Every structure is written in structure tokens, then in C-alpha cells.
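Residue-level structural notes
What follows is each chain in one-letter form.
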Amino acid sequence: MIVFDLKCGAGHVFEAWFGSSADYADQQARGLVDCPICGDRSIDKAVMAPAVGAKSNRQADVTPTAMKAAMAALAAAQSKVLEGSEWVGTAFAGRARAMHAGEENQAPIHGQATVAEAKALFEEGVPVAPLPLPIVPPDACN
């Protein structure tokens, strides 16, 4: 099937579906194509934009409103995950290690660690996990 934008002599533009371009030409020649608005049979193809599919790797355009809503939802989820947890910044590895060794009371903490620090904590058996959300330090929220 193929769709054409058609235009009658009175200027009405409408869509019509045909089995092929040849089917359109045949029906047009026999006077079978008419305007559904006014019945005019002087029909021509109207100018139409080609139907070009989007690239499969193209990202959808995100409106500022949608981005703001997504960021608000992310902030709410982050807040919920970190409820009752203390931000310790770059002292995270040292504090986690001290808690694991019993040198400091156990408490929920979150902060920053380098890849090397995180790897060392894992190898030492310190129970840590990367958070799936981009953690924003409290001082960056102001």
C-alpha cells in the first residue's frame, strides 16, 4: 500500500491509499478518484514530505520540562536511598575500613572513593557497594 496526499481543484488536501502508484494512475485515469470533501474529480498529487525513518541511534529530544521532572524524580529517589545515611565525602574509604575493623561504630555512610580505594576495600572484604544513583554532596545542593 502507498499513501498519497491529494488536492482537488477547490484546494482541499486529503490522503488516499492505493495498492501502488500504477493503481493510483489507473483510478485517476478512469475518474474514480474524487475529493471526499466536495466531490471534485479534478485531483492532483499534493506536495508531500518524504517519509524518512529516524536513525536507530538517534536520541529522542528531551524537553526542558521533561528533564526537570526526571531530575526531580532522581533527587527524590536518591533522598529515599540515603535516608539515615551520613555523607562522609572523600573520607569514605577510611571510615568504611575503620567500621569494618571495629575501630568505629557501625553506621550507614556514603561518600566518594577512587577506583583504587574501592578495589582495595573489596579485596579486604569490607562490605561496600557502588550506588546506582549519581550522589550529590550536600554542599552541592545549595
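1. Quick word on the confidence of the model for the protein chain
- Looking at the protein chain as a whole, its pLDDT mean stands at 83, while 83% of the residues score no less than 70.
- Ranking the helices and strands of the protein chain by mean pLDDT puts helix H3 (residues 92-100) first, with 94, and helix H2 (residues 64-81) last, with 82.

2. Some words on the pairing of strand E1 (residues 2-8)
- Pairing between E1 and strand E2 (residues 13-18): six bridges, direction antiparallel. Each residue of the ladder has a partner; that of lysine 7, found in E2, is valine 13.
- Bridge count between E1 and strand E3 (residues 43-45): three bridges; the pairing is antiparallel. Paired with lysine 7 across the two strands is aspartate 44, which belongs to E3.

3. Some remarks on a nonpolar patch on the surface
- The grouping of Val62, Met67 and Met71 at the surface amounts to a nonpolar patch, some 290 Å² of accessible area in total.
- Its location among the elements puts methionine 71 in helix H2.

4. Things to note about the pairing of E2
- Of the two faces of E2, only the one carrying Phe14, Ala16 and Phe18 is buried; Val13, Glu15 and Trp17 on the other face are not.
- Here E1 folds back onto E2, and the loop between the two strands holds four residues, one of which, glycine 11, carries a positive phi near 95°.

Analysis parameters
Residues numbered from 1 in each chain as written. Predicted model: local features only at pLDDT ≥ 70, side-chain atom pairs only at ≥ 80, totals over all residues. Heavy atoms only, no water. pLDDT = per-residue confidence, 0-100. Helix = DSSP H or I, 4+ residues; strand = E, 2+ residues; numbered from the N terminus. Pairing = 2+ DSSP bridges. Patch = residues over 30% accessible without salt bridge, like charges linked within 9 Å, V, L, I, M, F, W, Y side chains within 5 Å. Areas by Shrake-Rupley, 256 points an atom, 1.4 Å probe, with all protein chains shown as cover. Salt bridge = Lys/Arg side-chain N within 4 Å of Asp/Glu carboxyl O. Buried < 20%, exposed > 50% of the residue type's maximum accessible area, 1.4 Å probe, protein only.

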